[in-house]
Amino acid sequence: MSEQRDFHMSLFSSTDLNSNALAALKYASRYCALDTDDSRDSSILSSNESDASEPLHILCLVLGEGSFPRTAILAAICQGWVAVAIDENLHPEWRGSRDDITNSSATAGIYFGFKGSMKDFLVNGQRIIQANMSETHYFHHIIMIGIESQINS
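Residues numbered from 1 in each chain as written. Predicted model: local features only at pLDDT ≥ 70, side-chain atom pairs only at ≥ 80, totals over all residues. Heavy atoms only, no water.

## Focus: helix 3 (residues 70–79)
- Helix 3 sits mainly inside the fold: eight of its ten residues count as buried.
- Remark: Gly 80 follows helix 3 within two positions and exhibits a positive phi of approximately 80 degrees. (Buried < 20%, exposed > 50% of the residue type's maximum accessible area, 1.4 Å probe, protein only. Helix = DSSP H or I, 4+ residues; strand = E, 2+ residues; numbered from the N terminus.)

This is the structure in structure tokens:
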């Protein structure tokens, strides 16, 4: 357990990075909580609309966070969402599925890391998600979080 705590502490060592990630997730989760509009066209809704607010029915795409996907990991751990980090500079350690992260919490979702651009993800990313999800899984919400690159001067 201590080893896992050290792992998380090394990942989330900067309060600025944590604050930015948590703020983005807070506002994204508000979007999902407010999506209760009954005026939507029922023909485009799935047959099991009662699952719409279930965390695993929310796909969170985090774009451009760099080599360490803090926001995507927090989305999986704290929100229970299916979170995908997409970045051309993603460190090899964070590519693919990471069960050791998401199994650390009872409410944890699923994390995937994809090295490449959003264009690459649109072409190849669906295959990665489908390989790790059941065939009958569907998403009610897609959340996209873009991280602004920090330029060191």
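Still more ground to cover, so stick around.
## Notes on the environment of Pro 69
- Tracing the backbone shows Pro 69 in the loop between strand 1 (58–63) and helix 3.
- Separated by 18 residues in sequence, Pro 69 and Asp 87 place their C-alpha atoms 8.7 Å apart.
- Discounting residues that sit within four places of it in the chain, Pro 69 has contacts with Ala 85, Leu 90, Trp 94 and Tyr 111. (Contact = heavy atoms within 4.5 Å.)

## Points about the confidence of the model for the chain
- Chain-level pLDDT for the chain is 75 on average; 66% of the residues reach the 70-or-more range.
- Averaged over each element, pLDDT in the chain is lowest for helix 1 (residues 2–11) (51) and highest for strand 2 (residues 82–87) (94).
- Contacts from residues 1–6, a stretch scored under 50 in pLDDT, to residues over four places away or in other chains number two contacts.
- Contacts from residues 36–47, a stretch scored under 50 in pLDDT, to residues over four places away or in other chains number five contacts. (pLDDT = per-residue confidence, 0-100.)

## What to know about helix 5 (residues 118–132)
- Across its 15 residues, helix 5 extends 19 Å between first and last C-alpha, which sits within 8% of the 21 Å expected from 1.5 Å per residue.
- Considering bend angle alone, the principal kink of helix 5 is centred on Asn 124 and spans about 55 degrees.
- Of the residues making up helix 5, those classed as buried are Phe 121, Gly 125 and Ile 129.
- Those residues of helix 5 that are buried are in contact with strand 1, strand 2 and strand 4 (110–115). (Expected span 1.5 Å × (residues − 1). Bend = angle between axes of the 7 residues up to and from the residue.)

## Digging into the pairing of strand 1
- By the criterion of burial, strand 1 is predominantly enclosed, with five of the six residues buried.
- One ladder, built from six bridges, connects strand 1 with strand 5 (residues 141–146); its direction is parallel. Bridge pairing in strand 5 links Cys 60 to Ile 143.
- On the question of chirality, the crossover connecting strand 1 to the parallel strand 2 by way of helix 3 is right-handed. (Pairing = 2+ DSSP bridges. Right-handed = clockwise from strand over helix to strand, strands pointing away.)

## Comments concerning the side chain of Thr 71
- Position of Thr 71 among the secondary structure elements: in helix 3.
- Using a relative accessible area of 1% as the deciding quantity, one classes Thr 71 as buried.
- When sequence neighbours within four positions are dropped, the list of residues in contact with Thr 71 reads Ala 21, Leu 25, Val 62, Glu 65, Ile 145 and Ile 147.

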